[in-house]
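Structure assessment
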Amino acid sequence: MGQQAGTAPLDEAAARRAGPGKALAADAGRIVMCALDMAERFHRKGRLLTFGNGAAAADAGHLAVEFTHPVIVGKRALPAISLANDAAAVSGLAAASGYESVFATQLRLLGRPEDIAVGFLTGDGCGSVRAALAAARDLGMLTVALTASGSDDGVVNGLEIHHVLPARTGDPRVAREIHVTIYHVLWELVHVFYEDPVFSLAPAACHDDGACVTCADTAVPVRVTEVRDGGLAVVDTGSGTEEISVALVEARVGDVVLVHAKEAIAVLGGDGA
């Protein structure tokens, strides 16, 4: 009895994390798409600006620090800064204009259309984060929100966000743990996509029907007709054939894969054998 009672808190803690952990795996496609868009912004000489309140301010700082570290020795760092780290700026703006303006004001001074804004919304009292994300949208920046609860429509408190990455839990402690995992995956994937030569090459061809796997704004479903060495494949776009990368998925001839920026990000099904 004593041994069972002693493990009860651990079992309860594990149970609280099981659901959000499985949901995170199901949201893998969201994270991949976010990383692709972030890599594209970095190629446009954009910078990452992060922000969050309270404990989430530490996550904002952690995320910025990670991006200024190369994910692989010898690769370049990517420019990032946390707007929550400067106590003088935060306290001065709060005293002058109210706390809800502390991040939005900094974004309006520092932000550029090619930049990325990542805000952490893990509970109540996130008005300053929502205001900053709204300011970022007005500036044309890519907006990313790491939230506690789920949002499948890209809207957070009435605000349209380019990428919403939810922890899908009401427990702020578990949400932070999920967020740590999410932004470390983003950090690694962004570097992978940033190094992909497709981002540094002009599109070889475009299709009027929007089926171009190189330059389409949205992911495109195509069928694999040939799998090649080096993580490459040939696909039928409906307007011809193109070579893509299948390094992130296990694709076979006959499979339908979802492609964004010439990278297969999911296998939708098919008759691959």
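In this text, all values refer to a predicted model and were calculated from it rather than measured experimentally.

1. Here we look at the overall build of the chain
- What the chain contains, in helices and strands, is seven helices and 12 strands.
- When burial is assessed residue by residue, the chain has 46% of its 273 residues classed as buried.
- Just so you have it, the chain exposes about 13000 Å², and 55% of that area is on carbon and sulfur atoms.

2. With respect to the pattern of salt bridges
- The final tally for this structure, using the stated rule, is 12 salt bridges.
- Note that R176 is salt-bridged to D59, the shortest N-O span being 2.7 Å. Linking R176 in helix α7 (residues 172-195) with D59 in helix α3 (residues 55-67), this pair joins segments that are 117 residues apart in sequence.
- The class for R176 is partly exposed, based on a relative accessible area of 29%.
- Residue D115 is joined to R112 by a salt bridge in which the shortest nitrogen-to-oxygen separation is 3.6 Å.
- Relative accessible area serves as the criterion here: at 30%, R112 is assigned to the partly exposed category.
- Where salt bridges share partners, they join R47, R112, E114 and D115 into one cluster.

3. Section: the pairing of strand β1 (residues 48-51)
- Alternating positions in β1 separate into two faces, L48 and T50 on one and L49 and F51 on the other, with burial throughout.
- Sheet topology note: the β1/strand β2 (residues 80-82) ladder contains three bridges and is parallel. Bridged to L49 within β2 is I81.
- You can see the chain leave β1, run along α3 and come back into β2, and the turn it takes is right-handed.

4. Observations regarding the nonpolar core
- With 39 residues, the main nonpolar core has M38, L48 and F67 as its most contacted residues.
- Of all the secondary-structure elements, those providing two or more residues to this core are α2 (28-43), α3, β3 (116-121), β4 (142-147) and α7.
- Sort the elements by how many residues they give to this core and α7 lands first, with 11 residues.
- With sequence-adjacent residues up to four places away left out, L48 is seen in contact with M38, F42, L63, F67, P79, A80, I81, I116 and V118.
- Counting residues in each nonpolar core, the second largest holds 23 residues, with V90, L93, L107 and L133 among its members.

5. Some points on the sheet that holds strand β7 (residues 163-166)
- The strand order across the open sheet formed by five strands is β2-β1-β3-β4-β7, and the pairing between neighbours is parallel. A single partner strand is all that each edge strand has here, and the edge strands are β2 and β7. Averaged over all pairs of adjacent strands, the angle between their axes in this sheet comes to 15°, without regard to strand direction.
- In the sheet, β4 pairs with β7 via four bridges, with the strands oriented parallel. Opposite L146, over in β7, you have L165 as the bridge partner.
- Set on the sheet, helix α6 (residues 127-139) makes contact with β1, β3 and β4; between it and β3 the angle comes to about 160°.

6. Overview of α7
- With 24 residues, α7 extends 34 Å from end C-alpha to end C-alpha; this agrees with the ideal 34 Å at 1.5 Å per step.
- Two to three positions downstream of the cap, the backbone nitrogen of R173 sits 2.9 Å from a side-chain oxygen, assigning the N-cap of α7 to D171.

7. Focus: α6
- For α6, with 13 residues, the first-to-last C-alpha span of 18 Å sits near the 18 Å given by 1.5 Å per residue.
- Of all the positions in α6, only G127, S128, V129, A132, L133, A135 and A136 are classed as buried.
- For α6, the secondary structure elements touched by its buried residues are β1, α5 (102-110), β3, β4 and β6 (159-160).

8. Regarding the packing of aromatic side chains
- Overall, the coordinates contain four aromatic pairs when judged by the stated rule.
- Both rings, one in F42 and one in F67, keep their centres 5.8 Å apart while their planes meet at 25°; by these two values the pair is stacked. With a gap of 25 residues between them, F42 in helix α2 and F67 in helix α3 connect regions that are remote in the sequence.
- Linked through ring pairs, F51, Y99 and F103 together constitute an aromatic cluster.

Quick notes on the rules
Residues numbered from 1 in each chain as written. Predicted model: local features only at pLDDT ≥ 70, side-chain atom pairs only at ≥ 80, totals over all residues. Heavy atoms only, no water. Helix = DSSP H or I, 4+ residues; strand = E, 2+ residues; numbered from the N terminus. Buried < 20%, exposed > 50% of the residue type's maximum accessible area, 1.4 Å probe, protein only. Areas by Shrake-Rupley, 256 points an atom, 1.4 Å probe, with all protein chains shown as cover. Salt bridge = Lys/Arg side-chain N within 4 Å of Asp/Glu carboxyl O. Pairing = 2+ DSSP bridges. Right-handed = clockwise from strand over helix to strand, strands pointing away. Core = buried A, V, L, I, M, F, W, Y, C linked by side-chain atoms within 4.5 Å. Contact = heavy atoms within 4.5 Å. Axes fitted to C-alpha atoms, helices over the stretch in contact; angles between N-to-C directions. Expected span 1.5 Å × (residues − 1). Polar contact = N/O pair within 3.5 Å; in protein donor to acceptor, adjacent residues only side chain to side chain. Phe/Tyr/Trp six-rings, centres within 6.5 Å; stacked < 30°, edge-to-face > 60°.

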